[in-house]
Amino acid sequence: KKYKNIATGSLGGIKLDVYVKSDLKKVVSLVKVIDVPCGIGNVIGNKGGVCAVLKVKDSYVAVINSHFAAHQNKIKERNQDYSRIVTTMSTRLSEEVDELSRRAMKKKKGQKKSTARQAAEGSGDERMEQHLESQRDLESRLEGDSQGIPRQPLIEAKVAARFDTRFDVEEATDSAFNSLFDAVIFLGDFNYRLNVPRLEIELAREEKRRAMSQPTEEALAKAAYEMESVFEYDQLHRERSQGKVFALYKEERIDFVPTYKYDKHSDEYDSSPKMRSPAWTDRILYYAE
């Protein structure tokens, strides 16, 4: 009773419902709901995305639920699903919603002025070198951390904007789509897997279980190290680090065990003949100006 449904949409088995607190209903309105299929022939709705565009006072927010291509080695196909969803949605919304089109044009003009200002302050190469130097400094400090947390990979230029807003991000896949909004929540079954032997994942999970049963500082540190080591092989993490998908988005730290795929009614990973490798397939990423 404390919440009201503000938006609903579906595409095949992909369902999206957005609720707001009842006392906020008066400042939130639905602008549009659109969907983009990515199944066979880009027609079938078993893969794709559903987007609800909301206006919250004077801000525009997009909430997207999506389902990307399955199977361990279909990384390229998952990237293509993402690209198709954001590209098609940005085109349709720009054409169909005048207020979003005007916002995008206004932002583009502002970006051009900002780029001109940056050119006067120093070259892009110099700024990139400064960014990489700060990353190297961060890595060296992490190497000396008593917990031994593994280093994160260097972030390439296309995704450097997550850490330094001076970088030009117009080439990022999601740039046109995100330019329409003040904030975006992108969630769903992205289906990215782990490129690491299943045994290593099982061992990391056992370390986590032991640490939770006897939560000493040493045990928790070792469990964190093992889980971080596994996460380094997460396909989505690696694709983001190369600027191929979700270049402008952030994700909260993942320190829990992989959630895919369990035997029914148990806490044991898939023991069927397929023996699917555990992974973090269901994710929530967000973008905010």
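Within every chain, residues take consecutive numbers counted from 1 along the sequence as written. The predicted nature of this model means local features are confined to residues of pLDDT at least 70 and side-chain atom pairs, given and counted, to a pLDDT of 80 or more, with totals for whole chains, interfaces and linings taken over all residues. Excluded from the side-chain calculations are hydrogens and water; all other atoms, namely the structure's heavy atoms, are used.

Visitor: So what exactly am I meant to see when it comes to a nonpolar patch on the surface here?
Guide: Nonpolar side chains collect at one region of the surface, where I40, V43 and I44 lie side by side and expose about 330 Å² of accessible area between them. Residue exposure (1.4 Å probe, protein chains only): buried if accessible area is under 20% of the type maximum, exposed if over 50%, otherwise partly exposed. Accessibility expressed as a relative area gives 73% for I40, which makes it exposed. A patch consists of residues whose relative accessible area exceeds 30% and which take part in no salt bridge; residues with like charges are grouped when within 9 Å of each other, and nonpolar side chains (Val, Leu, Ile, Met, Phe, Trp, Tyr) when within 5 Å. Exposure was quantified through the Shrake-Rupley algorithm and a 1.4 Å probe, taking into account, for residues, occlusion by the shown protein chains and nothing else. In the sections that follow, a salt bridge refers to a side-chain nitrogen of Lys or Arg positioned within 4 Å of a carboxyl oxygen of Asp or Glu.

Visitor: So what exactly am I meant to see when it comes to the sheet that holds strand β7 (residues 282-288) here?
Guide: Sheet strands line up and pair through hydrogen bonds in the backbone, either parallel or antiparallel. Spatially, β3-β4-β5-β6-β7 is the arrangement adopted by the five strands of the open sheet, whose pairing is mixed. The open sheet is flanked by β3 (28-37) and β7, the only strands paired with a single partner. Along the sheet, successive strands turn relative to each other by an average axial angle of 15 degrees, direction set aside. Only strands that DSSP links by at least two bridges are regarded as paired with each other. Each helix corresponds to a stretch of at least 4 residues labelled H or I by DSSP, and each strand to a stretch of at least 2 residues labelled E; elements are numbered beginning at the N terminus. Two elements, strand β6 (residues 183-189) and β7, share seven bridges in a ladder whose sense is antiparallel. Bridge pairing in β7 links L187 to I284. Simply put, an axis is a line fit to the C-alpha atoms, just over the touching stretch for a helix, and the angle between two N-to-C directions goes from 0 to 180 degrees.

Visitor: I keep staring at the packing of aromatic side chains and nothing clicks. Help me out?
Guide: Working definition: an aromatic ring pair is given by the centre-to-centre distance plus the angle between the planes. Ring geometry is summarised as follows: Phe, Tyr and Trp rings, the Trp one being its six-membered ring, pair when their centres sit within 6.5 Å, and such pairs are stacked at plane angles under 30 degrees, edge-to-face over 60 and tilted between the two. All chains considered together, the criterion is met by 14 aromatic pairs. Centre to centre, the rings of F186 and Y249 are 6.0 Å apart; their planes meet at 80 degrees, and the pair counts as edge-to-face. With F186 in strand β6 and Y249 in the loop between α7 (235-241) and β7, this pair connects stretches of sequence that are 63 residues apart. The pair F186 / Y249 is uniform in exposure class, with both members buried. Ring plane angle 85 degrees and centroid distance 5.3 Å describe the contact between F246 and Y249, whose orientation is recorded as edge-to-face. Assigned by exposure class, F246 and Y249 land together as buried.

Keep in mind these values describe shape, not function.
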